[in-house]
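Commentary on secondary and tertiary structure
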Amino acid sequence: MDQALLVTVVFLLAGTVKGVIGLGLPTVSIGLLALVMPPAEAATLLLLPGIVTNVAQATGPHLRRLLGRFWSMFLAIIPGTLAGGYVIAQGAAALPVLGAALLAYAAWGLATPSFHLSPRAERATAVPAGLACGLLTGATGVSVIPAGPWLAALGLAREELVQALGLTFLISTVALAAALAWHGAGSATLAAGSALAVIPALIGQRLGAHLRQHIPPLVFRRLFFAALIVLGAQLAWRGLA
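On a predicted model such as this, the values are computed, not experimentally measured, just so you know.

Topic: the pattern of salt bridges
Overall, the coordinates contain two salt bridges when judged by the stated rule. A salt bridge links Arg65 to Glu160, with the shortest nitrogen-to-oxygen separation between them at 1.5 Å. Placement of Arg65 in helix H4 (residues 63-89) and of Glu160 in helix H8 (residues 158-182) is noted, with a sequence separation of 95 residues between them. Here Arg65 falls in the partly exposed class, since its relative accessible area comes to 45%. A salt bridge links Arg69 to Glu122; its shortest N-O distance comes to 2.8 Å. Note that Arg69 is positioned in helix H4 and Glu122 in helix H6 (residues 119-140), a separation of 53 residues in sequence. Judged by relative accessible area, which is 10%, Glu122 ranks as buried.

Topic: the packing of helix H1 (residues 3-21) against helix H10 (residues 217-240)
In contact at an axis separation of 11 Å, H1 and H10 are set at 140° when each is read in the N-to-C sense. Considering their axes alone, H1 and H10 lie oblique with respect to each other. The crossing of H1 and H10 is left-handed. Residues Val17, Val20 and Ile21 of H1 form the contact with H10, whose own contacting residues are Phe220, Arg221 and Phe224. When the residues that make up the contact of H1 with H10 are grouped by side-chain class, the tally is five nonpolar, no polar and one charged.

Concerning the environment of Leu82
Mapped onto the secondary structure, Leu82 falls in helix H4. When the C-alpha positions of Leu82 and Gly31 are compared, they lie 21 Å apart, and in sequence the two are 51 residues distant. Other than its neighbours up to four places away in sequence, Leu82 contacts Ala175, Ala178, Ala179, Trp182 and His183.

Here's the deal with a nonpolar patch on the surface
Residues Leu12, Ile199 and Ile203 make up a contiguous nonpolar surface patch of roughly 270 Å² in combined accessible area. Tracing the sequence through the fold places Ile199 in helix H9 (residues 188-211). Residue Ile199 is classed as exposed on the basis of its relative accessible area, which comes to 55%.

Notes on the layout of surface pockets
Taken as a whole, the largest pocket holds about 960 Å³ of empty space. Of all the secondary structure elements, the ones that give two or more residues to the lining of the largest pocket are H1, helix H3 (39-58), helix H5 (94-111), helix H7 (147-152), H8, H9 and H10. Of the residues contributing to the lining of the largest pocket, the split by class is 21 nonpolar, ten polar and six charged. Here the second largest pocket is characterised by a volume of approximately 190 Å³. Looking at the second largest pocket, the residues that line it are Gln3, Ala4, Val7, Thr8, Leu45, Thr189, Leu190, Gly193, Leu196, Ala197 and Pro200. Of all elements in the fold, only H1 and H9 reach the threshold of two or more residues within the lining of the second largest pocket. Among the elements that make up the lining of the second largest pocket, the one with the highest residue count is H9 (six residues).

Quick notes on the rules
Counting restarts for each chain, with residues numbered from 1 along the sequence as it is written. In keeping with the predicted nature of the model, local features appear solely for residues at pLDDT of at least 70, side-chain atom pairs appear and are counted solely at 80 or more, and the whole-chain, interface and lining totals rest on all residues. With hydrogens and water excluded, all non-hydrogen atoms of the structure serve as input to the side-chain values. Note on definitions: salt bridges are taken to be side-chain nitrogens of Lys or Arg within 4 Å of carboxyl oxygens of Asp or Glu. Each helix is a run of DSSP H or I of at least 4 residues and each strand a run of E of at least 2, with the numbering of both proceeding from the N terminus. The buried label goes to any residue with under 20% of its type's maximum accessible area, the exposed label to any with over 50%, and the partly exposed label to all in between, with areas taken from a 1.4 Å probe on protein chains only. Angles here are taken between N-to-C directions and fall from 0 to 180 degrees, while the axes themselves are lines fitted to C-alpha atoms, restricted in helices to the stretch in contact. Geometric relationships in this document are graded by angle, where less than 35 degrees denotes roughly parallel, more than 145 denotes roughly antiparallel, 65 to 115 denotes roughly perpendicular, and other angles denote oblique. Put simply, a crossing is left-handed when the front helix is turned counterclockwise from the back one by less than a right angle, and right-handed when it is turned clockwise. Residue contacts follow a heavy-atom distance rule, with two residues in contact if any of their heavy atoms lie within 4.5 Å. As a working rule, the residues Ala, Val, Leu, Ile, Met, Phe, Trp, Tyr, Cys and Pro are called nonpolar, Asp, Glu, Lys and Arg charged, and the rest polar, with Gly in that last group. Patch construction takes residues with relative accessible area above 30% that form no salt bridge. Like charges are linked within 9 Å, and nonpolar side chains (Val, Leu, Ile, Met, Phe, Trp, Tyr) are linked within 5 Å. In this description, accessible areas are obtained by the Shrake-Rupley approach with a 1.4 Å probe, and a residue is regarded as covered only by the protein chains that are shown. Here a cavity denotes a set of grid points, spaced 1 Å apart and computed over the protein atoms alone, in which a 1.4 Å probe fits but from which it cannot get out, and a pocket denotes an open set meeting protein on both sides within 12 Å along at least five of seven lines; residues with an atom within 4 Å of a point are reported as lining. Grid points are joined across faces, edges and corners, and a volume is the space filled by probe spheres set on the points.

Dropping the structure here:
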């Protein structure tokens, strides 16, 4: 398949997933693209679609309160991502890490565990959670672990959680762009491809928002996470083989 067509199809699919469940753009796009190109190239293609699709999700009525509450976690993402970027810049070295991250994310999603962090535990784990999220973002381009489960354990209202995730993904993606540039893993050609990938990602996001009204969310989540287990296992095996 022509690479431009492949990128279009992947980001259309990834945008659709994000439109339906509110996350999954980097997970799907990097997971699929890493099957045919180095993870660093896949992450570079993600940058602009990731930033554009998360701006709207990150802004909203809870912005000031969320920044005031989670500023330490958000700030910790940045140095973690810069450090983790060394891994993805090594190419194939990132594959087993990416595969393991996808497997962990899928297992968490299928289990849908119910646990809650107290205010004291939240304060104690905010910086470690941000650093760990940054390290995995830099190493794999996927920023949902452990930030997603950590935020979900704080008892946020649905709209607050969606906005907090959007802020996390936005900060992680901007930090990833800096990490890729710092480690010399990007290129002008890939940057142009990233700009072109914005359009299918936005179309997919709009399509997913429409489909969300017709597909039971629980059914979709189970199918999505089951597919991620297969994809993560494949990437981990390729990286270790």
